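# Chains, contacts and geometry: an overview
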Amino acid sequence: AAEKPTPRAICDRFHAIHARVYRWFDINFDHFGRTSTPAQTAICQEIFWDLHKNNHIQTDDLVQLYCPTCARFLADRFVTGTCPQCGYEDARGDQYDLVQ
């Protein structure tokens, strides 16, 4: 069986691809960073704690569809079927403009 890449390996691969694309387009950065650096972690944590201290973070319960065959919760884009509000039979969970 094929070995599954780690999240780090996937990020390393796409970071290199993006760097090549930017060089090809002659796009330059003072710093072409990544989310795994200590500086980025500090920035993210500062933003989170500022939001938390000012009561901009809240908890809530979410009802979400679950696929027992896949053993995972389904993102809206994977949900299709009949709209319970208007009966439209080809509704998608992530994009359906008839009901708002």
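The paragraphs below set out a description of the structure included in this document.

Cut-offs applied
Residues numbered from 1 in each chain as written. Predicted model: local features only at pLDDT ≥ 70, side-chain atom pairs only at ≥ 80, totals over all residues. Heavy atoms only, no water. Salt bridge = Lys/Arg side-chain N within 4 Å of Asp/Glu carboxyl O. Helix = DSSP H or I, 4+ residues; strand = E, 2+ residues; numbered from the N terminus. Buried < 20%, exposed > 50% of the residue type's maximum accessible area, 1.4 Å probe, protein only. Phe/Tyr/Trp six-rings, centres within 6.5 Å; stacked < 30°, edge-to-face > 60°.

### Structural notes on the pattern of salt bridges
- Counting across every chain of the model gives two salt bridges.
- With a shortest N-O distance of 2.7 Å, D12 and R34 are connected by a salt bridge. Of this pair, D12 sits in helix α1 (residues 7-24) while R34 is found in the loop between α1 and α2 (38-53), placing the two residues 22 residues apart along the sequence.
- Ionic pairing is found between D50 and K53, a salt bridge with its closest N-O pair at 3.7 Å. A residue pair is termed a helical-turn pair when its members lie 3 or 4 positions apart in one helix, as D50 and K53 do in helix α2 at three residues.
- The exposure class assigned to D50 is partly exposed, which follows from its relative accessible area of 36%.
- When its relative accessible area of 60% is taken as the criterion, K53 is described as exposed.

### Remarks on the packing of aromatic side chains
- This model, assessed by the stated rule, comprises four aromatic pairs.
- Here Y22 and F29 contribute two aromatic rings whose centre-to-centre distance is 5.2 Å and whose plane-to-plane angle is 65°, an arrangement assigned as edge-to-face.
- The partly exposed category is assigned to Y22, whose relative accessible area is 27%.
- You can call F29 partly exposed: its relative accessible area is 43%.
- On the numbers, 4.7 Å between centres and 90° between planes, the contact of W24 with F25 is edge-to-face.

In short, the description is geometric, and any link to function would need to be established separately.
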